[in-house]
Number of protein chains: 2
Amino acid sequence: MRQIAADVGVQAGALYNYTPDKQSLLFDLMKTHMDELLEAWQAEKSDGTPLDRLEVFTRFHIRFHLDRPDAVFIAYMELRNLSPENFAAIEALRKRYEDELEQILSDGKQAGVFHQPDTKLATLALIAMLTGVTTWYRGDGRLTREGVADLYWDMVRKAVGA
Amino acid sequence: MRQIAADVGVQAGALYNYTPDKQSLLFDLMKTHMDELLEAWQAEKSDGTPLDRLEVFTRFHIRFHLDRPDAVFIAYMELRNLSPENFAAIEALRKRYEDELEQILSDGKQAGVFHQPDTKLATLALIAMLTGVTTWYRGDGRLTREGVADLYWDMVRKAVGA
DNA sequence: GTCTATACTCTGATAGAC
DNA sequence: GTCTATCAGAGTATAGAC
């Protein structure tokens, strides 16, 4: 709390005018992140073919996460420091996001364009693969953000047999 | 440290007969984990075709990580608590492991059986995808460990165009 | 709304007896 | 090798002045 206070230019005690305690502050950070993720996806998602929707999801996920490395880091690494109730709330939001991808994969399989044997596992596997980009991508590296998205999309597409 | 001491049945001070400080204890845990990973892989790897080697790697990675959920959790979540020198040492070991997969993918591409456009990115993407299994797999769930490995292998194989 | 001051607790680590 | 006792520092949070 002292470190946060120093970064925003006040003394530690002054922070408690804005948050009742540290746990609430962490929860608000994570909840805001997940709300923004879901809201941004609702604004981005389209009604095309399953293949198109999967590509939109893939590129959206990479772009959104690369735009917010700090929030993503917190959202994954601080889960264990949430109270049980707060953890459940964040997990529910995460599940809603996973369901968006699962629905695309499910529709694609039904349409005969995707061929994953297990849609639920494919959902989790693809999200893990895509989110991993935040652990290694650096803006000054050899690949542009668009280049990275192209490469991930190639793998996603193939992984579901499209 | 008091919590660890309580779990092993001694007082906190007694732990310092076994480790000079907490940082060393964490580093030793993570280093041991990485050493075991590399050693186990050396014992497991074979000389077959790239496709066979990739399958062996996939199944090995899943099995090894599902066998050690606690060590895996620490190895990923506590990286930020390592001193810079210790972090560099662990990262070097991690890189050696990644290089094992990268070599397989590289050989497969050269042989014309894999078709990933970017071998380095494919390496990181696949490891992230596979390691993700530890965040959701539960032994009492609907899938057996072998079933999970089969499903991941199907996705890995397709993702590299094999 | 921010400050200073401080209460209270926890933490890693050490000292010295046994 | 373990214990008890304790230190020094950091942590979250609160009180009261301005």
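Residues numbered from 1 in each chain as written. Chains lettered and ligands numbered in written order. Predicted model: local features only at pLDDT ≥ 70, side-chain atom pairs only at ≥ 80, totals over all residues. Heavy atoms only, no water.

Per an unreviewed UniProt entry, chain A is named Fatty acid metabolism regulator protein, and its organism is Actibacterium lipolyticum.

Enquirer: Give a description of the protein's contact with DNA strand D that names residues and reports values.
Expert: Residues in close proximity to DNA strand D include Met 1, Arg 2, Gly 13, Tyr 16, Asp 21 and Lys 22 of chain A together with Val 10, Gln 11, Ala 14, Asn 17 and Tyr 18 of chain B, which together make up its full environment. Sugar plus phosphate: this is where 57% of the atoms of DNA strand D within 4 Å of the protein reside. Arg 2 of chain A is positioned such that a nitrogen or oxygen atom in its side chain is 2.9 Å from a base oxygen of DNA strand D. One of the side-chain nitrogen or oxygen atoms of Tyr 16 of chain A is found 2.8 Å away from a phosphate oxygen of DNA strand D. The residue inventory of the surface near DNA strand D, partitioned by class, reads 5 nonpolar, 3 polar and 3 charged. (Near = heavy atom within 4 Å. Polar contact = N/O pair within 3.5 Å; in protein donor to acceptor, adjacent residues only side chain to side chain. Nonpolar A, V, L, I, M, F, W, Y, C, P; charged D, E, K, R; others polar.)

Enquirer: Before we move on, can you summarise the nonpolar core with the specific residues and values?
Expert: One finds Leu 54, Leu 126 and Tyr 152 of chain A together with Leu 54, Leu 126 and Tyr 152 of chain B to be the most contacted residues of the largest nonpolar core, which totals 82 residues. What Leu 126 of chain B contacts, discounting residues up to four positions off in sequence, is Met 155 of chain A together with Leu 101, Leu 105, Val 156, Ala 159 and Val 160 of chain B. (Core = buried A, V, L, I, M, F, W, Y, C linked by side-chain atoms within 4.5 Å. Buried < 20%, exposed > 50% of the residue type's maximum accessible area, 1.4 Å probe, protein only. Contact = heavy atoms within 4.5 Å.)

Enquirer: So what about the packing of aromatic side chains? Which residues, and what values?
Expert: Residue and element names in this part refer to chain B. If you walk through the whole model with that rule in mind, you get 10 aromatic pairs over all chains. Taking 5.6 Å as the distance between ring centres and 35 degrees as the angle between the ring planes, the aromatic pair formed by Phe 60 and Phe 64 counts as tilted. Of the two residues, Phe 60 and Phe 64 are both situated in helix α3 (residues 50-67); the distance of 4 residues between them amounts to about one turn of the helix. Here the two residues Phe 60 and Phe 64 agree in accessibility, since each one is buried. (Phe/Tyr/Trp six-rings, centres within 6.5 Å; stacked < 30°, edge-to-face > 60°. Helix = DSSP H or I, 4+ residues; strand = E, 2+ residues; numbered from the N terminus.)

Enquirer: Outline helix α6 (residues 119-131) of chain B, supporting the account with residue identities and numerical values.
Expert: Residue and element names in this part refer to chain B. Compared with an ideal rise of 1.5 Å per residue, which puts 13 residues at 18 Å, α6 spans 18 Å between its outermost C-alpha atoms and is within 8% of the ideal. Of all the 13 residues making up α6, 11 are buried; the element is thus mostly covered by neighbouring parts of the structure. Taken together, the buried positions of α6 are occupied by Thr 119, Leu 121, Ala 122, Thr 123, Leu 124, Ala 125, Leu 126, Ile 127, Met 129, Leu 130 and Thr 131. Where α6 begins, the side chain of Asp 118 points an oxygen toward the backbone nitrogen of Lys 120, at a separation of 3.3 Å. (Expected span 1.5 Å × (residues − 1).)

Enquirer: Explain the packing of helix α2 (residues 22-44) of chain B against helix α5 (residues 84-110) of chain B to me, and be specific about the residues and the numbers.
Expert: Residue and element names in this part refer to chain B. Packing of α2 against α5 leaves a shortest axis separation of 10 Å and a crossing angle of 15 degrees. Of the possible angle classes, the one that applies to α2 and α5 is roughly parallel. Helix-helix and strand crossings are classified by hand; for α2 and α5 the assignment is left-handed. Of α5, the residues touching α2 (which contributes Gln 23, Phe 27, Met 30, Lys 31, Met 34, Asp 35, Leu 37, Leu 38, Trp 41 and Gln 42) are Asn 86, Ala 89, Ile 90, Leu 93, Arg 94, Arg 96, Tyr 97, Glu 100 and Ile 104. (Axes fitted to C-alpha atoms, helices over the stretch in contact; angles between N-to-C directions. Parallel < 35°, antiparallel > 145°, perpendicular 65-115°, else oblique. Left-handed = near helix turned anticlockwise from the far one by under 90°.)

Enquirer: Can you explain the protein's contact with DNA strand C? Please cite residues and give values.
Expert: If you check the shell around DNA strand C, you find Val 10, Gln 11, Ala 14, Asn 17 and Tyr 18 of chain A together with Met 1, Arg 2, Gly 13, Tyr 16, Asp 21 and Lys 22 of chain B and nothing else. Restricting attention to atoms of DNA strand C within 4 Å of the protein, one finds that 56% of them are sugar or phosphate atoms. The side chain of Tyr 16 of chain B places a nitrogen or oxygen atom 2.9 Å from a phosphate oxygen of DNA strand C. Considering only residue class, the surface near DNA strand C consists of 5 nonpolar, 3 polar and 3 charged.

Enquirer: Which residues make up the packing of helix α6 (residues 119-131) of chain A against helix α8 (residues 145-159) of chain A, and what are the values?
Expert: Residue and element names in this part refer to chain A. Where α6 contacts α8, the axes come no closer than 11 Å and their chain directions differ by 170 degrees. Relative to α8, α6 is oriented roughly antiparallel. When you trace α6 past α8, the crossing you get is right-handed. Listed contacts from α8 to Leu 126, Met 129 and Leu 130 of α6 are Tyr 152, Met 155, Val 156 and Ala 159. The residue inventory of the contact of α6 with α8, partitioned by class, reads 7 nonpolar, no polar and no charged.

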